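Spelled out from the first residue to the last, the chains are:
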Amino acid sequence: QVQLVESGGGLVQPGGSLRLSCAASGMVFSIGAMGWYRQAPGKQRELVATIQSGGSTNYADSVKGRFTITRDNAKNTVYLQMNSLKHEETAVYYCNMEVAVSMFATRPYWGRGTQVTVSS
């Protein structure tokens with residue numbers, strides 16, 4: 001079994017910064033794409049950023065220039081540095097990883113989410 005555990009959420013003032021982390025544990029053979037998504041109250045879950053195994057990244061237009069996604073393959077961990085946070089970015093942030101549990105089996109896994117609240 002594979003588990004993803006997020007950390008780093010919390011309360012921050014508008015314009016502030018937070019760094020989220022998500023670590024995978026369990027039967028991990030290798031990890032492909034990693035990503036962060038968020039879901040605000042009453043809204044659908046949306047993509048924030050992704051990073052491929054080779055390091056290429058993709059960001060939602062709304063976070064470009066403010067958020068940075070990175071990964072540490074040795075630690076099976078993905079990070080999201082969030083700067084200049086806005087009130088409307090209050091949401092539960094989820095990590096997602098494409099995890100190979102063997103040479104022949106790959107599936108997506110989700111973390112349980114971490115709350116980010118941007119408020120003065």
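In every chain, residue numbers begin from 1 and rise along the written sequence. Predicted model: local features are reported for residues with pLDDT of at least 70 only, side-chain atom pairs are reported and counted for 80 or more only, and whole-chain, interface and lining totals are derived from all residues. Computation of side-chain values: all heavy atoms of the structure, hydrogens and water removed.

Visitor: So what's going on with the sheet that holds strand β1 (residues 2–7)? Which residues, and what values?
Guide: The sheet built from four strands is open, its strands ordered β1-β3-β8-β7 with antiparallel pairing. In the strand order of this sheet, the two ends are held by β1 and β7 (67–72), each with one partner. Neighbour-to-neighbour, the strand axes of this sheet turn through a mean angle of 15°, independent of strand direction. In this description, strands pair whenever DSSP reports at least two bridges between them. Secondary structure elements follow DSSP: runs of H or I of four or more residues count as helices, runs of E of two or more count as strands, with numbering from the N terminus. Pairing between strand β3 (residues 18–26) and strand β8 (residues 77–82): six bridges, direction antiparallel. Looking at β8, one finds that L18 is bridged to M82. Only the contacting stretch of a helix is used when fitting its axis, a line to C-alpha atoms as for every element, and angles between N-to-C directions run 0 to 180 degrees.

Visitor: Quick one: what's the story with the packing of aromatic side chains, residue by residue and with numbers?
Guide: Here is the rule: rings of Phe, Tyr and Trp (six-membered ring for Trp) pair when centre to centre is within 6.5 Å. Planes less than 30 degrees apart are stacked, more than 60 are edge-to-face, and the remainder are tilted. Summed over the entire model, instances satisfying the criterion amount to one aromatic pair. Directly above the ring of Y94 sits R45, whose terminal nitrogen or CZ lies 3.7 Å from the centroid. Only Lys NZ and Arg CZ are tested; either one counts as a charge over a ring when it is within 6 Å of the ring centre and within 35 degrees of the ring normal.

Interpretation note: all reported values are geometric properties and have no functional meaning in isolation.
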